[in-house]
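# What the coordinates show
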Amino acid sequence: MIWQSLIQTSDDISPLAHMSFYKPYIIDFMHNFHTHILLIDDYLNEELLNLYDSIKLGDIYFLTLYDKIE
């Protein structure tokens, strides 16, 4: 799994305010990781990480707005 987290802070700000920052990461995915599965979500926590790991999707490029893993 390749995981890109745009913001390492609390989610007090609306996710809509940060969605425009996705573009360079999507371009990176298209040029370098196009054989992976692209998943985009607001955040990734331990529960979601374990869920994605357990369903064995293969190579994943995961893009999140916030980092909620301690």
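Residues numbered from 1 in each chain as written. Predicted model: local features only at pLDDT ≥ 70, side-chain atom pairs only at ≥ 80, totals over all residues. Heavy atoms only, no water.

### Focus: the sheet that holds strand 3 (residues 60-67)
If you walk across this open sheet you meet the three strands as 1-3-2, and the pairing is parallel. Edge positions in the sheet fall to strand 1 (2-7) and strand 2 (37-44), since each of these pairs with one other strand and no more. Each strand of the sheet is rotated relative to its neighbour by a mean of 20 degrees, with strand direction disregarded. Bridging between strand 1 and strand 3 involves five bridges; their strand directions are parallel. Following the sheet pairing, Trp3 is matched in strand 3 by Phe62. Against the sheet, helix 1 (residues 23-32) engages strand 1, strand 2 and strand 3, with an angle of about 170 degrees to strand 3. In the packing of helix 2 (residues 46-54) onto the sheet, contacts are made with strand 2 and strand 3, and the angle to strand 2 comes to roughly 160 degrees. (Pairing = 2+ DSSP bridges. Helix = DSSP H or I, 4+ residues; strand = E, 2+ residues; numbered from the N terminus. Axes fitted to C-alpha atoms, helices over the stretch in contact; angles between N-to-C directions. Contact = heavy atoms within 4.5 Å.)

### Looking at unusual backbone geometry
A positive phi is found at Lys56, a non-glycine position, where the angle reads about 50 degrees. By the secondary structure assignment, Lys56 is in the loop between helix 2 and strand 3. The class for Lys56 is exposed, based on a relative accessible area of 64%. (Buried < 20%, exposed > 50% of the residue type's maximum accessible area, 1.4 Å probe, protein only.)

### Structural notes on the environment of Gln4
Along the chain, the position of Gln4 falls in strand 1. Using a relative accessible area of 25% as the deciding quantity, one classes Gln4 as partly exposed. A sequence separation of 57 residues divides Gln4 from Tyr61, and the C-alpha atoms of the two residues are 7.8 Å apart. Residues contacting Gln4, with those up to four places away along its chain left out, are Tyr25, Tyr61, Phe62, Leu63 and Thr64.

### Looking at the side chain of His36
For His36, the location among the structural elements is in the loop between helix 1 and strand 2. Residue class for His36 comes out buried when judged on its relative accessible area of 18%. Residue contacts for His36: discarding those within four places in its chain leaves Ile2, Phe29, Asp59, Ile60 and Tyr61.

Everything listed is a geometric property; what it means functionally is a separate question.
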